[in-house]
Amino acid sequence: MGFWIVLWKLVFVFGVGAFGLMALWVTVQGARDIKFLLDTLRGEH
Amino acid sequence: MEPFSEALQGTQFTGLDWGIVALYLVLSVAIGLIANRYVANMADYVVAGRGVRTALGIATLTGTELGLVTVMYSAQKGFTGGFAAFHIGLAACVVAFFVGLTGFIIVPLRRHKVLTIPEFYGKRFGRRTQILGGLVLAFGGILNMGMFLKAGSMFIVGITGLQNEAALAIVMIVLLGLVLLYTVLGGMVSVILTDYVQFVVLSFGLLLATGFAIYKMGWDHIFASMVTLKGEAGFNPLLAESSFGGDYVAWMLFIGLVNCALWPTSVARALACASEGIVRKQFMWASLSYMIRNIIPYFWGICAFVFIMESPMLTGAFFPVAGVAEGVDTLYAMPIFLGRLLPVGLIGIITAAMVAAFMSTHDSYLLCWSSVLTNDIVIPLAGERLSERTKVMITRGFVLLIGIIILLVSFLFPLREDLWDYMAVTGAIYTTGAFALLGCGLYWKRASSTGAVLALITGSSAVFGLGAVQVFVLQHLLRFSQERTEAIAGQLTGARVGLAAIVLSTAAMVLGSLLFPDTNRTQGDETWVSG
């Protein structure tokens, strides 16, 4: 059982930590991507 | 007082929290309505003019695939299966990363420049396969979506303590109405813009609530309690005594592939990307989202289990003495737990995040199934006579029609399994056939249209994994006794039926293609493009 407890702890800590960093990056970069999308739809790209 | 009413009474949800939720709803709909100005044709409406870049792609993929229904069924799995349920999230992460790394299915599919998966069937195998594929996809998809409203309503009841049935119905109809409004008007552009806002609210809401749960309950205490309450079965998914087992783990690996490479709402994001490189990057990064969308709600379900087992009143409500009373549905465990754990204000933000999840999934699914019905059934039948404007109008009509159908299914269909297993089986009605058609259609030159039709038909046999269908067939059609029905149903789990359907549909595809190869006349209208 010890193996599984360690595995799930690692999966949780790594997953939540990485997701938190990704969420920060997506929030900032995603706002710039919206501008690109709207420009594309206006036919500017 | 009834145990259920008693369990709902401890929530800390207040007027301030309702205010936060209402503010969020107004913001979402306003963005959706503004997007309407940017839609000029069917490609803008369905794939946002293919102008989506990596970060926005991840936001919209996560916004779509991390729905309230996902949070609800995952929390239920965590509640019933413990940490052993984490294998489902890990499998989803590994498979999505593999798909991103190799471009398996999604990259060659994108090269065909199709708007939907059945459109690829049409190009590769002909119109007959496209229409049949569209019908199977829409049937499985709409049935799959049927439980979204029910799960959403159960969350709102659990976290707010709202017990008035009429008020609850009004809340659900208003939510569905708002989603319909901005999806019908703005199509994929409004879906993507609102998905971005929903991603921000949802991601930080999930992280905040998880941190708060650990802070209040204690990291070591949660693990130690699970060891005491469930033993190894709460951690090892391969153990027969756990809620899973080896066949279930194999089934989850396939479902992981389904969710990222075969499920139309995910594939639609790949088709909306600006380049193949962005598609790959999007899926590799989103593999984290595929894991987290399961892992965090499992963790909430586990915390809810520990919390409930430490409260004699809640333990009595969820696990009453056999024969004395019926236990509260385990889907309510997580929202009741959050309602009691989170403070005023934070509970409003989390509910707004969950409403965000509810809306971002509904809008994409409504758009996806309606564009399949238009693009793969109506247009092939009508020929080239329809104008772009008429196509968008028909798609909007289907969005409304599906909204009405899911409202009916949600409240009328009897759910006999864990919600996650219902989702996996209804999804498999389409995905088992799609696996054979996409796998062989993209990578095997000799795959034929007869093989494709046979694979679609045999793949839809996965519907027999549903408990309600088994009872209908065995007890009502074949007149088996209740004991015999239950004994057979106990062996025919969703996982076993699903795995059998994959083998059958792939075999049908291969045998059908070898025995009935395409002649020039029966072939699809596109030259074979190598994967």
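Because the structure is a prediction, the values reported are computed rather than measured.

Rules behind the numbers
- Residues numbered from 1 in each chain as written.
- Chains lettered and ligands numbered in written order.
- Predicted model: local features only at pLDDT ≥ 70, side-chain atom pairs only at ≥ 80, totals over all residues.
- Heavy atoms only, no water.
- Helix = DSSP H or I, 4+ residues; strand = E, 2+ residues; numbered from the N terminus.
- Buried < 20%, exposed > 50% of the residue type's maximum accessible area, 1.4 Å probe, protein only.
- Polar contact = N/O pair within 3.5 Å; in protein donor to acceptor, adjacent residues only side chain to side chain.
- Contact = heavy atoms within 4.5 Å.
- Buried area = accessible area lost by both parts, 1.4 Å probe.
- Salt bridge = Lys/Arg side-chain N within 4 Å of Asp/Glu carboxyl O.
- Nonpolar A, V, L, I, M, F, W, Y, C, P; charged D, E, K, R; others polar.
- Axes fitted to C-alpha atoms, helices over the stretch in contact; angles between N-to-C directions.
- Parallel < 35°, antiparallel > 145°, perpendicular 65-115°, else oblique.
- Expected span 1.5 Å × (residues − 1).
- Domains from an automatic or database assignment.

Details of the side chain of asparagine 294 of chain B
Residues and elements named next belong to chain B. Here asparagine 294 shows up in helix α15 (residues 276-309). For asparagine 294, a relative accessible area of 3% translates into the label buried. Within the structure, asparagine 294 has its side chain in polar contact with the side chain of serine 74 (distance 3.2 Å). Other than its neighbours up to four places away in sequence, asparagine 294 contacts Thr70, Tyr73, Ser74, Ile88, Gly89 and Ala92.

Looking at the interface of chain A and chain B
Chain A puts 32 residues into the contact, and the matching count from chain B is 47 residues. The contact between chain A and chain B buries some 3600 Å² in all, and 84% of this surface belongs to carbon and sulfur atoms. Joining chain A to chain B, the criterion identifies zero salt bridges. If you look at where chain A meets chain B, you find two residue pairs in polar contact (both at pLDDT 80 or more). Per-class residue counts for the side of chain A that touches chain B are 22 nonpolar, six polar and four charged.

Thoughts on the side chain of asparagine 144 of chain B
Position of asparagine 144 of chain B relative to the elements: it lies in helix α9 (residues 127-145). The class of asparagine 144 of chain B is buried, set by a relative accessible area of 3%.

Some remarks on the packing of helix α12 (residues 219-230) of chain B against α15 of chain B
Residues and elements named next belong to chain B. It is at 10 Å that the axes of α12 and α15 come closest, and there the two elements cross at 70°. Classified by the interaxial angle, the pair formed by α12 and α15 is roughly perpendicular. Here Trp219, His221, Ile222, Ser225, Met226, Leu229 and Lys230 of α12 come into contact with α15, specifically with Phe299, Ile302, Cys303, Phe305, Val306 and Met309. Class assignment for the residues of the contact of α12 with α15 results in 10 nonpolar, two polar and one charged.

Focus on α9 of chain B
In a regular helix each residue adds 1.5 Å, so 19 residues correspond to 27 Å; α9 of chain B covers 26 Å between its end C-alpha atoms and thus fits that length. Within α9 of chain B, 14 of the 19 residues are buried, which leaves the element mostly enclosed by the surrounding structure.

Details of the pattern of salt bridges
If the charged atoms of two oppositely charged side chains come close together, the side chains can form a pair. Residues and elements named next belong to chain B. For the structure shown, the criterion picks out three salt bridges over all chains. Among the ionic pairs, aspartate 421 bridges to lysine 77, the shortest N-O distance being 3.2 Å. Of this pair, aspartate 421 sits in helix α20 (residues 419-443) while lysine 77 sits in helix α5 (residues 68-81), placing them 344 residues apart in sequence. Each member of the pair, aspartate 421 as well as lysine 77, carries the same accessibility label: buried. For aspartate 247, the salt bridge is made with arginine 496, and the minimal N-O distance between the two is 2.9 Å. A residue pair is termed long-range when its members are at least 10 positions apart, and aspartate 247 in helix α13 (residues 246-262) and arginine 496 in helix α24 (residues 494-515) qualify at 249 residues. The exposure class assigned to aspartate 247 is partly exposed, which follows from its relative accessible area of 28%.

Describing the packing of α5 of chain B against helix α17 (residues 333-341) of chain B
Residues and elements named next belong to chain B. Between α5 and α17, the least distance of the axes is 8 Å, while the angle of their chain directions is 95°. Between α5 and α17, the crossing angle belongs to the class labelled roughly perpendicular. Side by side, α5 and α17 meet where Val71, Met72, Ala75 and Phe79 of the first sit next to Ala333, Met334 and Pro335 of the second.

Some words on the domain arrangement of chain B
All names here are of chain B. Entries for chain B in the domain assignment read domain 1 (3-412) and domain 2 (415-531). Here the C-alpha centre of domain 2 lies 24 Å away from the C-alpha centre of domain 1. Each partner contributes to the interface: domain 1 provides 49 residues, whereas domain 2 provides 50 residues. Around 4400 Å² of area is buried between domain 1 and domain 2 when both sides are counted, 71% of it from carbon and sulfur atoms. Together, Arg124, Phe125 and Trp251 form the three largest contributors to the area buried by domain 1 at its contact with domain 2, with a combined 18%. Our count for the contact surface shared by domain 1 and domain 2 stands at two salt bridges.

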